[in-house]
Amino acid sequence: MSVESVKSEARPEAGPELREPPVAEGAVPLLGHGLKLARDPLAFLSGLRDHGDVVRLRLGPKTVYAVTAPALTGAVALSPDYIIAGPLWESLESLLGRQGVATANGAQHRRQRRTIQPAFRLDVIPEYGPIMAEESHALVARWRSGEVLDVTAESFRVAVRVAARCLMRGSYMDARAERICAALATLFSGMYQRMVVPLGPLYRVPVRSNREFNRALADLHLLVDEIVADRRASGQKPDDLLTALLEAKDENGEPIGEQEIHDQVIAILTPGSETVGSTIMSLLLVLAEHPDLGDKIRDEVKTVVGDRPVAFEDVRKLRYTTSVVVETMRLYPAVWILTRRAVTDTRLGAYRIPKGADVIYSPYAVQRDRRSYDRHEDFDPDRWLPERAKAVPKYAMEPFSVGNRKCPSDHFSMAELTLITAAIASAYRFEQAPGSDPRPRIGITLRPRRLLLRALPR
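What comes next is a walk through the structure. Since the model is a prediction, treat every value here as computed from it, not as a measurement.

**Some words on the overall build of the chain**
Regarding its fold elements, the chain presents 16 helices and 12 strands. In the form shown here, the chain has an accessible surface area of approximately 19700 Å², with 52% of it arising from carbon and sulfur atoms.

Below, the structure written as structure tokens:
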């Protein structure tokens, strides 16, 4: 299965005169549509497709253009008329900074991509295989029969450890993994609120939620400074991303600044760990709700590897397991909302988009659209069989985005997620424990709210 192999859908041509997109219903004074986005964003964004391919929203004083059609979300991602900016990225700058690969634009972004891309080449990823396998089996070995698992902690722990050990090699990460996870949980929840309800100075009022957010932010930045300082003090230069950053040069051939190094480390640790951890949580929820999937994965692993532990080298043969991962990312995308900003007056389909306009689109809404998928709400891994995948419109399934903002670690993450899923499903089946709350937790990423699972050995 190849997600990139889906059918092409032509971008609509503009008519003689470009139109203003319609305004979505339900705006309230002052807050506009921000209240709906804060209360039930998944339902609100999913319903916008019924009102047009592009719809205008009000977020406080701002007008935001919501793009709902797959072909047009692809056009936004690929067009040079749009840059990384808008409410999402403004809310993330306090965490990711302005000089990391996640938030930079133009020449700086292109240089940063060149710095980090070698770590994710297809021929390099097998070098990470033993670490991925070791962490996958260590995760399973931590669990005991009948034990109730805090899936949030377990998922983020393995995601952080894989990222740290593969990309910033060093045992100094072990003691910091829990602090990173705790800080990220607080930050990503608070940042979504700041995006959809942009109250500016009110977020500096010293109420409890603001104090917790600021403490978590300060601790994460302190952690990054400690990581960089420890590497420099060690005098070691392993072949990893952190070494590449410490030795990187700017456009003038000078070493990049301390702030850029700091922001780049944040960009390596934070988005990758958060998105992979959120996806692992969703995968475990899927295995609990659909026990037959776990049975099929176990049988596939048994057929491929026999009695030995599953290894990185087996991943390409685990086609059904991979399809389960892809279908999980379709229905439960960790990155469920994205924003861009128009840098010139431009068009999108038949609509006029003015310079400076903020544009948002939701992979969650696009990937659950009934116009793109048969039985769009059903969990069906077989829809990614080659003969069926061809029926999916282009850009209706792009879990790692496209264009120059495509996630550089897409193959790395798919291998990691497939291997972890195979190891988990081979060893355990799961049922929800009392106190579990699988409803979506709406933050910058999407994941179950509080998932407690009982691990039952096979």
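After that view, the rundown keeps rolling.
**Brief notes about a nonpolar patch on the surface**
A grouping of Leu202, Val205 and Val207 is seen on the molecular surface, where their side chains present a nonpolar patch of about 230 Å² in accessible area. By secondary structure assignment, the location of Val207 is in the loop between helix H8 (177-196) and helix H9 (208-234).

**What to know about helix H7 (residues 151-167)**
For H7, spanning 17 residues, the distance from its first C-alpha to its last is 24 Å, which sits close to the expected 24 Å at 1.5 Å a residue. By the criterion of burial, H7 is predominantly enclosed, with 14 of the 17 residues buried. For H7, the N-terminal capping position is held by Asp150, with its side-chain oxygen 3.2 Å away from the main-chain nitrogen of Thr152.

**A closer look at the sheet that holds strand E3 (residues 82-84)**
Across the sheet, five strands lie side by side as E1-E2-E8-E5-E3; this open sheet has mixed pairing. Both outer strands of the open sheet, strand E1 (54-59) and E3, are each paired with one neighbouring strand and no more. Put simply, the sheet's adjacent strands are angled 35 degrees from each other on average, direction ignored. Inspection of the sheet shows strand E5 (residues 338-342) paired to strand E8 (residues 358-361) by four bridges, in the antiparallel sense. When the bridges of E8 are listed, Arg340 appears paired with Val359.

**Some remarks on the environment of Ser362**
As for its placement among the helices and strands, Ser362 is situated in the loop between E8 and helix H14 (363-367). The class of Ser362 is buried, set by a relative accessible area of 5%. For the pair Ser362 and Val67, spaced 295 residues apart in sequence, the C-alpha separation works out to 8.0 Å. With residues near it in sequence (within four places) discarded, Ser362 still touches Leu45, Trp336 and Ile337. At 3.1 Å, the side chain of Ser362 forms a polar contact with the backbone nitrogen of Ala365.

**Some details on the nonpolar core**
Phe412, Ile424 and Phe430 are the most contacted members of the largest nonpolar core, which totals 93 residues. Here this core gets 14 residues from one element, more than from any other, and that element is helix H11 (residues 258-289). Ignoring sequence-local partners within four residues, the contact set of Phe430 consists of Trp143, Leu149, Leu284, Leu287, Ala288, Ile424, Leu453, Arg454 and Ala455. Val54, Tyr82, Val359 and Val402 belong to the second largest nonpolar core, which has 19 residues in total.

**Thoughts on the pattern of salt bridges**
Following the criterion strictly, the structure yields 34 salt bridges and no others. Residue Glu20 is joined to Arg352 by a salt bridge in which the shortest nitrogen-to-oxygen separation is 3.2 Å. With Glu20 in the segment before helix H1 (34-39) and Arg352 in strand E7 (residues 351-353), the pair connects residues that are 332 residues apart, well separated along the chain. Under the relative-accessibility criterion, Glu20 is labelled partly exposed at 38%.

**Description of the environment of Val64**
The topology assignment puts Val64 in strand E2 (residues 62-67). The class for Val64 is buried, based on a relative accessible area of 0%. Sequence-wise, Val64 and Arg341 are 277 residues apart; in three dimensions their C-alpha atoms are separated by 9.5 Å. In this structure Val64 touches Val55, Arg56, Leu57, Leu59, Asp358 and Ile360, once residues within four positions along its chain are discounted.

**A closer look at the packing of H9 against H11**
The interhelical angle for the contact between H9 and H11, taken along N-to-C directions, is 110 degrees, at an axis separation of 10 Å. By the criterion of interaxial angle, the relationship of H9 to H11 is roughly perpendicular. Residues Leu220, His221, Val224, Asp225, Ile227, Val228 and Arg232 of H9 form the contact with H11, whose own contacting residues are Glu258, Ile261, His262, Val265, Ile266, Leu269 and Thr270.

**Describing H11**
Along its 32 residues, H11 runs 47 Å from first to last C-alpha, staying within 8% of the 46 Å computed at 1.5 Å per residue. Across the 32 residues that make up H11, a large majority, 26, are buried.

**What about the pairing of strand E10 (residues 437-442)?**
Regular strands show a simple pattern: their side chains alternate between the two faces of the sheet. By the bridge criterion, four bridges tie E10 to strand E11 (residues 446-450) in an arrangement that is antiparallel. Looking at the pairing, Asp437 lines up with Arg450 of E11. As consecutive antiparallel partners, E10 and E11 are separated by three residues.

**Quick word on the pairing of strand E12 (residues 452-457)**
As paired elements, strand E4 (residues 148-150) and E12 share three bridges and run antiparallel to each other. When the bridges of E12 are listed, Asp150 appears paired with Leu452. Here strand E9 (residues 428-432) runs beside E12; their pairing, made up of five bridges, is antiparallel. Looking across to E12, one finds that Arg429 is bridged to Leu456.

**Here's the deal with the sheet that holds E12**
The antiparallel open sheet is built from three strands, whose spatial order is E4-E12-E9. The open sheet is flanked by E4 and E9, the only strands paired with a single partner. Going across the sheet, the axis of each strand differs from the next one's by a mean of 40 degrees, ignoring polarity. Most of the contacts of H7 go to E4, to which it runs at about 60 degrees, and overall it touches E4 and E12. The sheet contacts of helix H16 (residues 410-427) involve E9 and E12, and relative to E9 the element is tilted by about 85 degrees.

**Description of unusual backbone geometry**
Backbone geometry places Leu30, a non-glycine residue, at a positive phi of 70 degrees. With relative accessibility at 78%, the residue Leu30 sits in the exposed group. Positive phi, normally seen in glycine, also occurs at Tyr395, with a value near 70 degrees. Mapped onto the elements of the fold, Tyr395 is located in the loop between helix H15 (386-389) and H16.

Definitions and cut-offs
- Residues numbered from 1 in each chain as written.
- Predicted model: local features only at pLDDT ≥ 70, side-chain atom pairs only at ≥ 80, totals over all residues.
- Heavy atoms only, no water.
- Helix = DSSP H or I, 4+ residues; strand = E, 2+ residues; numbered from the N terminus.
- Areas by Shrake-Rupley, 256 points an atom, 1.4 Å probe, with all protein chains shown as cover.
- Patch = residues over 30% accessible without salt bridge, like charges linked within 9 Å, V, L, I, M, F, W, Y side chains within 5 Å.
- Salt bridge = Lys/Arg side-chain N within 4 Å of Asp/Glu carboxyl O.
- Expected span 1.5 Å × (residues − 1).
- Buried < 20%, exposed > 50% of the residue type's maximum accessible area, 1.4 Å probe, protein only.
- Polar contact = N/O pair within 3.5 Å; in protein donor to acceptor, adjacent residues only side chain to side chain.
- Pairing = 2+ DSSP bridges.
- Axes fitted to C-alpha atoms, helices over the stretch in contact; angles between N-to-C directions.
- Contact = heavy atoms within 4.5 Å.
- Core = buried A, V, L, I, M, F, W, Y, C linked by side-chain atoms within 4.5 Å.
- Parallel < 35°, antiparallel > 145°, perpendicular 65-115°, else oblique.

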